[in-house]
Amino acid sequence: MERVRKPEWLKISIGANERYAETKRIVDTHCLHTICSSGRCPNLGECWGKGTATFMIGGEICTRSCKFCNTKTGRPLPLDGEEPRRVAESVALMKLSHAVVTSVDRDDLPDLGAAHWAQTIHEIKRLNPDTTIEVLIPDFQGRKELVEQVIEARPDIISHNLETVRRISPLVRSRARYETSLEVIRQIAESGTTAKSGIMVGLGETTAEVEELMDDLRAVGCQILTIGQYLQPSHRHYPVAEYVTPEQFAAYKQTGLAKGFSQVESAPLVRSSYHAEKHVRRNSEF
């Protein structure tokens, strides 16, 4: 397949400032993992330069091998019981008003990491009572009792990414299922917690398929949607089918808002946690 040339609007410069250096120091000295680094996020320079980072718990090795993801896959190490406390301390050191946490998939664990998730949320709240919390969770294999553990820890926003449209989902997601993800989002929304999801475009989907996905998410109560350009991490990953234009991203945003999402972030470099602090602030107004 002929490689698609990256357009000018996706070329960014990663600058570094004093806040960037301090964020990196805190992450390194606390032995933390971030999706910013493992996912090769294009916004790392901007976000770390503002003193924000998305913490990744459960280690750095994922039990799944999705064809779009740059996170290491294989046999994970045992959970680090000190990780929840270290994450909470780092939130305090960074003086974060809004903390975002995600994780690798831990299909090797009896509870798939749910208790570790709940402990991390509780620790962040204990040490940072004024900090709002957003979590980006795996599907927990659709086990409702495990999703409920996260809900009961009461983060402000719970996000679970649908990643792509129904047709392409089985091509790029190793174990996750489109319908399972929708049911996870439904459970979050029905609990009264703000439900959020994110997708990538540029995998070969059509505009009609993206609009169908929006309808599916709205039908289960999803309130916030992020849409960004898929960027192929390496030649071993799923290829980019196209680079979606900024104009099309703007059109997706307007379509999403018209369909009833309270917030839609849609632009080439948008990622799940990009400008996440705005989401909790704005959604509290609805």
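As the structure is a prediction and not an experimental result, all values here were calculated from the model.

Undergrad: Tell me about the overall build of the chain, and name the residues and values.
TA: For the chain, the count of helices and strands is eleven helices and ten strands. With 286 residues in all, the chain has 53% of them scored as buried. Within the chain, counting contacts between residues at least 6 apart in sequence, those at least 24 apart form 74% of the total. On the chain, roughly 13200 Å² of surface is accessible, and the fraction owed to carbon and sulfur atoms is 50%.

Undergrad: Break down the environment of Ser272 for me, citing the residues and quoting the values.
TA: With respect to the helices, strands and loops of the structure, Ser272 is situated in the loop between strand 10 (263–266) and helix 11 (276–283). Discounting residues that sit within four places of it in the chain, Ser272 has contacts with Glu134, Leu136, Asn161, Lys196 and Thr226.

Undergrad: Let's hear about the confidence of the model for the chain: which residues, and what values?
TA: The predicted model of the chain has a mean per-residue pLDDT of 86, with 78% of residues at 70 or higher. Note that pLDDT drops below 50 for residues 35–39; the model gives that stretch 16 contacts with residues more than four away or on any other chain.

Undergrad: Please set out the packing of helix 4 (residues 83–93) against helix 5 (residues 114–127) residue by residue, giving values where relevant.
TA: Viewed as axis vectors pointing N to C, helix 4 and helix 5 meet at an angle of 35 degrees, and their least axial separation amounts to 8 Å. For the pair helix 4 and helix 5, the crossing hand works out as right-handed. On helix 5, the residues that touch Glu83, Pro84, Arg85, Val87, Ala88, Glu89 and Val91 of helix 4 are His116, Gln119, Thr120, Glu123, Ile124 and Leu127. Taken together, the residues of the contact of helix 4 with helix 5 sort by class into six nonpolar, three polar and four charged.

Undergrad: Which residues make up the pairing of strand 6 (residues 132–136), and what values go with them?
TA: In terms of residue burial, strand 6 counts as a mostly covered element, since four of its five residues are buried. Pairing of strand 5 (residues 98–103) with strand 6 involves five bridges; the strand directions are parallel. Considered in strand 6, the bridge of His98 is made with Thr132. As for the winding sense of the linkage, the β-α-β connection from strand 5 through helix 5 to strand 6 is right-handed. In this structure, strand 6 lies alongside strand 7 (residues 157–159), joined through three bridges in parallel fashion. The residue bridging Glu134 from the neighbouring strand is Ile157, located in strand 7. With helix 6 (residues 144–152) bridging strand 6 and the parallel strand 7, this β-α-β connection has right-handed handedness.

Undergrad: Explain the nonpolar core to me, using residue names and the numbers behind them.
TA: By size, the foremost hydrophobic cluster in this structure holds 58 residues, and its most contacted members are Trp117, Val135, Ile137, Phe140, Leu217 and Ile227. In terms of residues, this core owes the most to one element, helix 8 (residues 178–190), which gives six residues. When sequence neighbours within four positions are dropped, the list of residues in contact with Phe140 reads Asp111, Leu112, Gly113, Ala114, Trp117, Leu146, Val147 and Val150.

Undergrad: Now, about the pattern of salt bridges: what can you tell me, with residues and values included?
TA: Considering all chains together, one arrives at 17 salt bridges under this definition. Across the salt bridge formed by Lys196 and Glu134, the nearest N and O atoms sit 2.7 Å from each other. Separated by 62 residues along the polypeptide, Lys196 in strand 8 (residues 194–201) and Glu134 in strand 6 bring together distant segments of the chain. Take Lys196: its relative accessible area is 1%, and that puts it in the buried class. Between Asp215 and Lys259 there is a salt bridge, with the nearest N and O atoms lying 2.9 Å from each other. Of the two residues, Asp215 sits in helix 9 (residues 207–219) while Lys259 sits in the loop between helix 10 (246–258) and strand 10, which places them 44 residues apart along the sequence. Given the relative accessible area of 28%, Lys259 is considered partly exposed. Here the salt bridges share partners, and the residues they tie into one network are Arg64, Asp105, Asp107, Asp139 and Arg175.

Undergrad: Would you mind going over the state of the cysteines in detail, with residue names and values included?
TA: Here, the word disulfide means a covalent bond between the sulfur atoms of two cysteines. Taken as a whole, this structure holds zero disulfides when the rule is applied. Summary of cysteine pairing: Cys69 is not part of a disulfide, and the nearest cysteine sulfur, belonging to Cys66, is at 6.4 Å. A relative accessible area of 29% means that Cys69 is categorised as partly exposed.

Criteria and thresholds
Residues numbered from 1 in each chain as written. Predicted model: local features only at pLDDT ≥ 70, side-chain atom pairs only at ≥ 80, totals over all residues. Heavy atoms only, no water. Helix = DSSP H or I, 4+ residues; strand = E, 2+ residues; numbered from the N terminus. Buried < 20%, exposed > 50% of the residue type's maximum accessible area, 1.4 Å probe, protein only. Contact = heavy atoms within 4.5 Å. Areas by Shrake-Rupley, 256 points an atom, 1.4 Å probe, with all protein chains shown as cover. pLDDT = per-residue confidence, 0-100. Axes fitted to C-alpha atoms, helices over the stretch in contact; angles between N-to-C directions. Left-handed = near helix turned anticlockwise from the far one by under 90°. Nonpolar A, V, L, I, M, F, W, Y, C, P; charged D, E, K, R; others polar. Pairing = 2+ DSSP bridges. Right-handed = clockwise from strand over helix to strand, strands pointing away. Core = buried A, V, L, I, M, F, W, Y, C linked by side-chain atoms within 4.5 Å. Salt bridge = Lys/Arg side-chain N within 4 Å of Asp/Glu carboxyl O. Disulfide = S-S within 2.5 Å.

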